[in-house]
Amino acid sequence: MKIGYIGLGKMGFNMVSRMLKHKHTVVVYNRSNPSVKKAQKKGAIPANSISELVLKLEKPRTIWMMVPWKSVDSVLEEILKFAEAGDTIIDGGNSPYYESVRRAKMLSEKKINFLDIGVSGGPGGALNGACLMIGGEKKVYKKYERLFKDLSVPSGYCHFGKNGSGHFVKMVHNGIEYGMMQSIAEGFNLMKNSEFELDLLKIASLYNHGSVVESKLIGWLSNAYKKHKIDLKNISGEVSHSGEGLWTVLAAKKMGVSVKIIEESLKFREKSKNNPSYTGKVVSAMRGEFGGHDVSDKINKN
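All of these numbers come straight from a predicted model, not from anything done at the bench. (Residues numbered from 1 in each chain as written. Predicted model: local features only at pLDDT ≥ 70, side-chain atom pairs only at ≥ 80, totals over all residues. Heavy atoms only, no water.)

J.: What should I look at first to understand the side chain of Ser236 in this one?
T.: Mapped onto the elements of the fold, Ser236 is located in the loop between α11 (216-228) and α12 (244-255). Within the structure, the side chain of Ser236 is placed 3.0 Å from the backbone nitrogen of Glu238, a separation counted as a polar contact. (Helix = DSSP H or I, 4+ residues; strand = E, 2+ residues; numbered from the N terminus. Polar contact = N/O pair within 3.5 Å; in protein donor to acceptor, adjacent residues only side chain to side chain.)

Spelled out as structure tokens, the structure:
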């Protein structure tokens with residue numbers, strides 16, 4: 001399959017690498033030219049502009065956007081100067097689900113297909129197999145099922161229904177993630193402050209061998225302890241948030257559904273800006289491990 005791919009950040013570059021590994025032909029564009037050159041060395045076809053990327057694809061075209069959600073509309077505007085009826089546009093970033101509903105309607109009027117895909121697994125998942133949450137017309141989804149299978153871990157992709165559903169499911173996933181990370185961080189902070197002088201690295205390792213809370217998050221915390229020691233000295237106690245926790249809380253309020261744990265974990269992150277803590281360090285450490293986020297104490301204080 002030949003695909004145009006826009007956005008070569010940590011996730012995008014690794015996903016393109018995986019596409020190439022599975023013998024897909026990928027035309028790439030990124031605002032930063034060095035990323036394009038790196039992808040070219042792996043076998044991708046470079047494009048110097050969005051227009052060049054679109055014109056290098058045969059009709060009907062397939063274009064995957066992997067850009068920050070605030071940039072989607074401007075990138076889409078450029079694509080639409082050259083896209084035609086029958087083309088398919090995929091938004092694989094973390095866009096608000098209601099924006100995906102709006103974009104799908106707008107593109108449908110132009111007879112252009114649209115899929116919204118939430119991608120979980122971080123840069124490692126993008127390279128080694130991700131989890132894909134897909135929204136859009138079923139016939140469009142079926143057309144690209146082989147691609148989704150190539151990009152995901154076994155049984156790691158699923159179609160959820162009409163446009164917006166993929167990004168909605170991913171939004172809630174990230175809200176749940178907030179709550180899980182907060183719970184882990186609070187528990188390890190409690191153990192750090194106990195009278196027993198506990199080895200938190202041993203505990204994290206033990207928890208990840210058969211316990212009920214065994215998880216990738218515990219595994220990533222274990223990795224962080226190995227890299228940064230138990231005090232996580234170089235990790236920021238202030239925790240950033242990318243927006244999806246807030247979107248989850250706002251959606252829940254609109255629907256009249258209680259999400260107290262997710263809401264409290266969001267509030268913790270907001271308050272941590274002026275109140276760094278060891279709990280915050282643990283959350284930041286996990287974010288750094290799975291998402292490649294820069295969570296160093298020095299960076300966060302600049």
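J.: Quick question: what am I supposed to make of the nonpolar core here?
T.: One broad trend across soluble globular proteins is that nonpolar side chains are buried collectively. Within the largest apolar cluster, 31 residues are counted, with the highest numbers of intra-cluster contacts made by Tyr5, Trp64 and Phe148. Contributions of two or more residues to this core are made by β1 (2-6), α1 (10-21), β2 (25-29), α2 (33-41), β6 (113-120), β7 (130-135), α7 (138-143) and α8 (145-151). Ranked by size, the runner-up nonpolar core spans 23 residues in total, among them Leu200, Ala204, Ile235 and Met286. (Core = buried A, V, L, I, M, F, W, Y, C linked by side-chain atoms within 4.5 Å. Buried < 20%, exposed > 50% of the residue type's maximum accessible area, 1.4 Å probe, protein only.)

J.: Would you mind showing me how to read the packing of aromatic side chains here?
T.: A ring pair, where both rings are aromatic, is described by two values, the distance of the centres and the angle of the planes. On inspection of all chains with the given rule, the structure shows 8 aromatic pairs. When the ring of Tyr141 is compared with that of Phe148, the centres are 5.9 Å apart and the planes differ by 15°; the resulting orientation is stacked. Per residue, the accessibility class of Tyr141 equals that of Phe148, and both read buried. These aromatic residues form a ring-pair network of at least three members: Tyr97, Tyr98 and Phe168. The ring of Phe13 has Lys38 lying over it, and the distance from NZ or CZ to the ring centre is 4.8 Å. Sitting above the plane of the Tyr178 ring, Arg269 keeps its charged end 3.7 Å from the centroid. (Phe/Tyr/Trp six-rings, centres within 6.5 Å; stacked < 30°, edge-to-face > 60°. Lys NZ or Arg CZ within 6 Å of the ring centre and 35° of its normal.)

J.: Help me out: how do you make sense of α2 in this one?
T.: All of the buried residues in α2 are Ser35, Val36 and Ala39. In an axial view of α2, the angular spread of the buried residues amounts to 100°, which keeps them on one side of the axis. For α2, exposure combined with an orientation more than 90 degrees from the buried face picks out Pro34 and Lys41. Residues of α2 that are buried sit in contact with α1, β2 and β3 (45-46). (Arc of directions from axis to C-beta. Contact = heavy atoms within 4.5 Å.)

J.: I'm lost on the sheet that holds β6 in this one. Help?
T.: Hydrogen bonds between backbone atoms are what pair the strands of a sheet, whose relative direction is either parallel or antiparallel. Within the open sheet, the 8 strands sit side by side as β3-β2-β1-β4-β5-β6-β7-β8. Their pairing is mixed. With one partner strand each, in any of the chains shown, β3 and β8 (152-161) form the two edges of the open sheet. By the bridge criterion, 5 bridges tie β1 to β2 in an arrangement that is parallel. From the neighbouring strand, Gly4 faces β2, where its bridge partner is Val27. Those strands touched by helix α9 (residues 165-192) are β5 (88-91), β6, β7 and β8, and its axis lies near 15° from that of β6. (Pairing = 2+ DSSP bridges. Axes fitted to C-alpha atoms, helices over the stretch in contact; angles between N-to-C directions.)

J.: Just checking my understanding: could you explain the side chain of Ser95 for this structure?
T.: Locating Ser95 in the fold gives a position in the loop between β5 and α5 (97-109). Classification of Ser95 as buried rests on a relative accessible area of 1%. Apart from the residues within four sequence positions on either side, Ser95 is in contact with Trp69, Val72, Ser100, Arg103, His167, Glu244 and Trp247.

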